[in-house]
Amino acid sequence: MRKLTLIAALSVFAAPLLAQDAALLMGVNRYEELRRVGNGTDVLNSADSLRDAGYNVSTLANGSSIDMARLLQRFAVDAADAERLVVGLAGRFVTDGDRTWLLPADADRPTLFGVNSAVSVDSVLQVLAQTPGQAVLILGYDQDADNQIGSYLRQGVGDLNIPQGVTVFYGEPDFTDGVVIEAITVPGGDAMAFARNSRGLREAGYQPQSLIMRPATNRTTSSPEPVTDVRSALNAWNAAQEENTADSYRDYIFAYPDSPFASEARRRLDAIENDPQRLAEIAEDQLDLSRNERRAIQRNLTLLEFNTRGVDGIFGPGTRGAVRNWQQVNGFAQTGFLTREQINRLDAQASRRAEEIEAAEEAERAELERLDRAYWDETGARGDEAGYRAYLNRYPEGIFAEEARAALNKAEDSNEAAIARERALNINPVLARLIESRLDALGFNPGRVDGRFDRDSRRAIARYQSSNGLSSTGYLDEPTLARLLADTFGR
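To start, this report covers the structure provided alongside it.

## Some words on unusual backbone geometry
- A positive phi angle is found at Asn62, which is not glycine, with a value near 50°.
- By the secondary structure assignment, Asn62 is in the loop between strand E2 (55–61) and helix H2 (65–79).
- On the basis of relative accessible area, Asn62 is assigned to the partly exposed category, the value being 31%.
- A positive phi is found at Glu305, a non-glycine position, where the angle reads about 70°.
- In this structure, Glu305 sits in the loop between helix H10 (291–303) and helix H11 (317–329).
- A relative accessible area of 67% means that Glu305 is categorised as exposed.

## Remarks on H11
- Under the 1.5 Å per step criterion, the end-to-end length of H11 is 18 Å for 13 residues, consistent within 8% with the ideal 18 Å.
- For H11, every residue scored as buried is listed here: Gly318, Thr319, Arg320, Gly321, Ala322, Val323, Trp326 and Gln327.
- Buried positions along H11 lie against helix H9 (276–287), H10 and helix H12 (340–378).

## Notes on H2
- Over its 15 residues, H2 runs 21 Å from end to end, which matches the ideal 21 Å to within 8%, given 1.5 Å per residue.
- Where H2 is concerned, the buried positions are Ser65, Met68, Leu71, Leu72, Phe75, Ala76, Asp78 and Ala79. For H2, the angular spread of the buried residues around the axis is 160°, confining them to a single face.
- The inward-facing, buried residues of H2 abut strand E1 (21–27), E2, strand E3 (85–90), strand E5 (100–102), strand E6 (119–120) and helix H3 (121–128).

## Some words on the environment of Ile138
- Here Ile138 is to be found in strand E7 (residues 135–140).
- For the pair Ile138 and Val87, spaced 51 residues apart in sequence, the C-alpha to C-alpha distance is 6.1 Å.
- Leaving out residues up to four positions away in the same chain, Ile138 has contacts with Val86, Val87, Gly88, Leu89, Phe169, Thr176, Val179, Val180 and Ile184.

## Considering the pattern of salt bridges
- Considering all chains together, one arrives at 19 salt bridges under this definition.
- Between Glu264 and Arg267 there is a salt bridge whose closest N-O contact spans 2.7 Å. Placement of both Glu264 and Arg267 in helix H8 (residues 262–273) is noted, with a separation of three residues, approximately one turn of the helix.
- According to the relative accessible area criterion, Arg267 is partly exposed, its value standing at 49%.

## Here's the deal with the packing of aromatic side chains
- Taken as a whole and judged by the stated rule, the model has 14 aromatic pairs.
- A ring pair is formed by Trp376 and Phe400, whose centres lie 4.7 Å apart and whose planes are at 15°; its orientation type is stacked. In this pair, Trp376 is assigned in helix H12 and Phe400 in the loop between helix H13 (385–394) and helix H14 (401–424), connecting sequence segments 24 residues apart.
- Classification of Trp376 by relative accessible area gives buried; the value is 7%.
- Classification of Phe400 as buried rests on a relative accessible area of 13%.
- The rings of Tyr375, Trp376, Tyr388, Tyr391, Tyr395 and Phe400 are connected pair by pair, giving a single aromatic cluster.
- A cation sits over an aromatic face here: Arg294 above Phe315, 4.7 Å from the ring centre.

## Notes on the pairing of E2
- The sheet contact formed by E1 and E2 spans seven bridges and is parallel. Residue pairing in the sheet places Asp21 in a bridge with Tyr55 of E2.
- Taken together, E1, helix H1 (residues 47–52) and E2 form a β-α-β motif whose crossover is right-handed.

## A short note on the sheet that holds E6
- Strand order in the open sheet formed by five strands is E6-E5-E4-E9-E8, with antiparallel pairing between adjacent strands. Of all the strands in the sheet, the pair left with one neighbour each is E6 and strand E8 (148–149).
- Sheet analysis places strand E4 (residues 93–95) next to E5, joined by three bridges and oriented antiparallel. Each bridged residue has a counterpart across the sheet, and for Phe93 the counterpart in E5 is Leu102.

## A short note on the sheet that holds E2
- A sheet is described by the order of its strands in space; here six strands give the open sequence E2-E1-E3-E7-E10-E11, paired in mixed fashion. For this open sheet the edge positions go to E2 and strand E11 (201–205), each flanked by a neighbour on one side alone. On average, each strand axis in the sheet is tilted by 15° relative to the strand beside it, whichever way the strands run.
- Note: E3 against E7, six bridges, orientation parallel. Across the sheet, the residue bridging to Val87 is Leu137, located in E7.
- Each of E3, E7 and strand E10 (166–171) is contacted by H3, which is oriented at about 155° to E7, the strand it contacts most.

## A closer look at the layout of surface pockets
- The calculated volume of the second largest pocket comes to roughly 440 Å³.
- Of all elements in the fold, only H9 and H10 reach the threshold of two or more residues within the lining of the second largest pocket.
- It is H9 that contributes the most residues to the lining of the second largest pocket, three residues altogether.
- Of the residues that constitute the lining of the second largest pocket, the class distribution is six nonpolar, two polar and 13 charged.

## What to know about the nonpolar core
- One finds Met26, Leu89, Leu128 and Leu137 to be the most contacted residues of the largest nonpolar core, which totals 41 residues.
- When contributions to this core are tallied by element, the ones reaching two or more residues are E1, H2, E3, E4, E5, H3, E7 and E10.
- If near-sequence neighbours (up to four positions away) are discounted, Leu128 is found in contact with Leu85, Val87, Ala135, Val136, Leu137 and Val166.
- Within the second largest apolar cluster, 24 residues are counted, among which are Ala23, Leu50, Tyr55 and Met213.

Thresholds applied
Residues numbered from 1 in each chain as written. Predicted model: local features only at pLDDT ≥ 70, side-chain atom pairs only at ≥ 80, totals over all residues. Heavy atoms only, no water. Helix = DSSP H or I, 4+ residues; strand = E, 2+ residues; numbered from the N terminus. Buried < 20%, exposed > 50% of the residue type's maximum accessible area, 1.4 Å probe, protein only. Expected span 1.5 Å × (residues − 1). Contact = heavy atoms within 4.5 Å. Arc of directions from axis to C-beta. Salt bridge = Lys/Arg side-chain N within 4 Å of Asp/Glu carboxyl O. Phe/Tyr/Trp six-rings, centres within 6.5 Å; stacked < 30°, edge-to-face > 60°. Lys NZ or Arg CZ within 6 Å of the ring centre and 35° of its normal. Pairing = 2+ DSSP bridges. Right-handed = clockwise from strand over helix to strand, strands pointing away. Axes fitted to C-alpha atoms, helices over the stretch in contact; angles between N-to-C directions. 1 Å grid on protein atoms, 1.4 Å probe; cavity = no way out; pocket = protein on both sides within 12 Å on 5 of 7 lines; lining within 4 Å. Points joined across faces, edges and corners; volume = space filled by probe spheres on them. Nonpolar A, V, L, I, M, F, W, Y, C, P; charged D, E, K, R; others polar. Core = buried A, V, L, I, M, F, W, Y, C linked by side-chain atoms within 4.5 Å.

Here it is as structure tokens:
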């Protein structure tokens, strides 16, 4: 019915000498062809916690299909002899109802026939089934995305066929790291209790009363819980400021909610999340423009003389710069991101410009045709070879070019026949001088009388033929010669 490539290396390899628990974290927030996924890479935030808890962790952010395939193969090797398995996947998922796939960053837009190079969630579940009771799959995706794609696919997660002993947690992407950091990797932490108390997570599959992935350690002393390390909070704050992103401030607030810098982190996070540029980007993302729609926008901008540096359906620096220039001319905020209203106005302007260009081209075509016809009236329309040649020199592809060429071809054929007829007369030099002398005596000016028919001789013959109602070729034939000799001897 359709081709869906399942990228998952599930071969069983030789077990390592020392068993180590395995974890796989893959998140995508930016796609080449699809709308971005907010916080799609938050699932990777738990990598350090998993490593500290003894997991061999493989991570990938915004990976291509090739990178994802390579990482899945590595995870299959790590999982072969592990006792605990944790997989976190976040991004854009598609499903046919029974099967589900995670799309890589370079995935083509899904069509009627499915998607290529996608990660099969069902295959990942089969790997997790190797450690029943100690296997967790965490899925982060837009819970409200349920758009139909063609006749068979839609966005989101379908009815998963979850093996026995595998627990699945799912929710919005920004909730994917909490269950790991605050439960799965915490000694004595109960993942099921955490999920039940969280408004952002749901559970499916194996759902025991409690799920403890890391047993509690025995404490020899009853020392109080350590307070927040001020130096650690300061170092983390400096790192968050250096990165200066919404994710960096959000992570800092999550890790140090009571630190002296938490309120400033919240203020900066609020400023970033409400930044007009960011809001404009989110608004355009929500339009979910197809590649053809993006090409149409680039063509419209180019038509209006805003250079996008290509029409390829990819909004790179050239297109963003063209959008900003167009926005400036039209009185919009220069964000480089378009709204639906702006796209409609741009299309209207381009349509009007296209009509103006067409009208100008039509007027130019009419003027060129007028000049063409006027030139013909003064040259080829007079019916002589000189006129035909003059017209073709100016208008080799003109309105009357075919007619002029046909007339010239006919004239050339006629000349060849006239030459043949003259040769058949076998005129010797003596007779030739006699003919030139007679033409001279009759006033037709054949030039020098030397028995050689040059250009002047030919013109004199043509004038004689024309004045006597003969075919004016400039070459002698029997009627011309007979008439000319009769005129000669008659006198």
